[in-house]
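Coordinates in review
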Amino acid sequence: MSEALANLLNETRQFPPPAELAAHANVTIDAYAEAEADRLAFWAKQADRLAWSKKWDEVLDWSNPPFAKWFVGGQLNVAYNCLDRHVEAGLGDKVAIHWEGEPGDTRTITYAELHELTCRAANALTDLGVTAGDRVAIYLPMIPEAAVAMLACARVGAAHSVVFGGFSADSLSNRIQDASAKVVITADGGYRRGKPSALKPTVDEAVASCPSVEHVLVVRRTGEDVAWSDKDHWWHETVETASAEHTAQPFDSEHPLFILYTSGTTARPKGILHTTGGYLTQASYTTHAVFDLKPETDVYWCTADIGWVTGHSYIVYGPLSNGATQVMYEGTPDTPHKGRFWEIVDKYKVSILYTAPTLIRTMMKWGEDIPAGFDLSSLRLLGSVGEPINPEAWIWYRQHVGRGELPVVDTWWQTETGAIMISPLPGVTAAKPGSAMTPLPGIVADVVDDQGQSVPNGGGGYLVLREPWPSMLRTIWGDDDRFIETYWSRFQGMYFAGDGAKKDDDGHIWLLGRVDDVMLVSGHNISTTEVESALVSHPSVAEAAVVGATDPTTGQAIVAFAIPRGSTDISGDAGEQLIADLRNHVSKTLGPIAKPRQIMLVPELPKTRSGKIMRRLLRDVAENRSLGDVTTLQDSSVMDLISSGMSGAK
Ligand code: ATP
Ligand code: MG
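The structure displayed is predicted, hence computed values, not measured ones.

**Observations concerning the domain arrangement of the protein**
- For the protein, the domain assignment lists domain 1 (14–37 + 413–514), domain 2 (39–332) and domain 3 (522–646).
- The distance between the C-alpha centroids of domain 1 and domain 2 comes to 26 Å.
- On the domain 2 side, the residues contacting the 46 residues of domain 1 number 45 residues.
- Between domain 1 and domain 2, roughly 3,900 Å² of surface is buried when both sides are summed, and carbon and sulfur atoms account for 63% of that area.
- Our count for the contact surface shared by domain 1 and domain 2 stands at three salt bridges.
- A salt bridge links E254 to R474; the nearest nitrogen and oxygen atoms lie 2.9 Å apart.
- Where domain 1 meets domain 2, there are 23 residue pairs in polar contact (both at pLDDT 80 or more).

So, in structure tokens, the structure goes:
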């Protein structure tokens, strides 16, 4: 960005917390002042929410930045904190996971059972030669064994590297090799879109080029035939027959807990390393604070896949360390029907729902009649993560899922940050739709200009973090130089997140998309997010993606791709008329500078496997180039549809 980001969107709606929630909130406004008075003491207090075998000597060692050490000298076991201590406190019979398979099969797993399974898995891993400091790759569908596998690794001190089950053999192989994993834990397959979807053949292909792999542990989920080699062991013959006795050994606070590769939305994925004490402290505290989780009464559901950081922090470590009861769902939101999510909320009486803007916009496209067909009265709090949420999608979520009264927490964070960083507190913040609002207590975030100077309220620029935080990444696995270069070189002494942001007149933070996606139109930096939000605020649009394409007069021109809402007629002249209306609508909402040169109505948008819009490919289409790397696309046929329609678009 050569200049500050233009500040175009003017959103003034604001929603105070429900009085009842505010009166009983886990965290009150005092937390901000407390953290401001003494940030390290604040985090030490949150670390005390966990069980430590040995107390730390020093909260933070920042003597060798950007390499941080948190809770130096402390020792703990993450699995002990997520399981044993709840069982020891008499909560063994409490449900940890209500699991729902895509075909409709279910399992109810108590804390005692999850503990027992994890102990068996820890013993089985030890028998296979896994010791503290080793790496284990996990390539599983959304079945309880995924959580068990992660917790078993944590229990024996092996770092897990979970790879999303939708990735190809090549992607899996690269990640196994990068971390030199010794064992791979997988399944014969899982269920997707009503059919078994095989995983084991992908692992076989990947492992063929991974000499580090000594054993492959295979869960039987679908019962389909699989090829077998002498490295392979069935989970039910290995884990389920192992001893259920296992004493968790404490590890150093900075012992590696996991490696997770970023989603790959922008570049070659990076192996982000997280460690033990600081990570669990912040994952656990933010679950308590941002979701106001009451373990005695809430039923929590995070719809992410365990292969993404959201699944790590807000399915496994955050909720389980707090002793939550949660729902885990294996499949897709439209199998066997488009109301599946709402049916699950209704069935398990889910009270806290955490999902992604891509899902909310998909639900908008399908129409509000679908959630209206289910009893969603158990819900009391809604969350969003993964991309900027357009104000209109936020309003739709609150209105049609949240009865027009529930708080929505828009949570900004990254694989690298390990846990939520910027978000409303549900009992404190009067939230604005589309804004992540304020850094959480103990987090020091800012928006700076090109020179690293804090921008005034009303200004836009780059999102940075000014102080280290407990769950921060410690490095990129095996590549300290890339760690420094990617995150700590752009601005002296600050972590550069790679996202554009603005501060509104009240100082609240609005995420404006990736810095790489910002458009430069006639000398003005314009955010993709703001133009997309303007399009989504039109009643006929469910979802939109916007890119800057080279233009002889304006430098870059705005090209937009929009998905119409369910019932919209876009045939012939009606389509032309809608495009004209949309161009005018954007111009009216944001100003003429933001009027798209071209809008195309499309049935789908290219998304990464984590559900994020991939603007890079749309830029290729808009500039008539051949497409770049499409391997991280969820569905590559989407691009054929878009490219073939592009020629006729104006
Ligand atoms: P890669 O770094 O490989 O390109 P990625 O950035 O998509 O992949 P993640 O760590 O899963 O990988 O995503 C973090 C990014 O997602 C953030 O940097 C931001 O761009 C976006 N994001 C997440 N939550 C929000 C939010 N609430 N509002 C706006 N953007 C968000
Ligand atoms: Mg990223």
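**Observations regarding the packing of aromatic side chains**
- Applying the stated criterion across every chain yields a total of 34 aromatic pairs.
- Summarising the aromatic geometry, the rings of F258 and Y279 are spaced 5.0 Å apart at their centres and angled 90° between planes, so their arrangement reads as edge-to-face. One end of the pair, F258, is in strand β14 (residues 256–261); the other, Y279, is in helix α10 (residues 277–290), and 21 residues separate them in sequence. Each member of the pair F258 and Y279 is classed as buried.
- With 5.9 Å between their ring centres and 70° between their planes, Y462 and F496 make a pair best called edge-to-face. Remark: F496 occurs in strand β24 (residues 495–503) and Y462 occurs in strand β22 (residues 460–465); sequence separation between them is 34 residues.
- The exposure class of F496 is buried, given its relative accessible area of 13%.
- These aromatic residues form a ring-pair network of at least three members: W62, F67, W469, F483, Y487, W488 and Y495.
- Over the face of the ring belonging to Y462 we find R490, whose NZ or CZ atom lies 5.1 Å from the ring centre.

Conventions adopted
Residues numbered from 1 in each chain as written. Chains lettered and ligands numbered in written order. Predicted model: local features only at pLDDT ≥ 70, side-chain atom pairs only at ≥ 80, totals over all residues. Heavy atoms only, no water. Domains from an automatic or database assignment. Contact = heavy atoms within 4.5 Å. Buried area = accessible area lost by both parts, 1.4 Å probe. Salt bridge = Lys/Arg side-chain N within 4 Å of Asp/Glu carboxyl O. Polar contact = N/O pair within 3.5 Å; in protein donor to acceptor, adjacent residues only side chain to side chain. Phe/Tyr/Trp six-rings, centres within 6.5 Å; stacked < 30°, edge-to-face > 60°. Helix = DSSP H or I, 4+ residues; strand = E, 2+ residues; numbered from the N terminus. Buried < 20%, exposed > 50% of the residue type's maximum accessible area, 1.4 Å probe, protein only. Lys NZ or Arg CZ within 6 Å of the ring centre and 35° of its normal.

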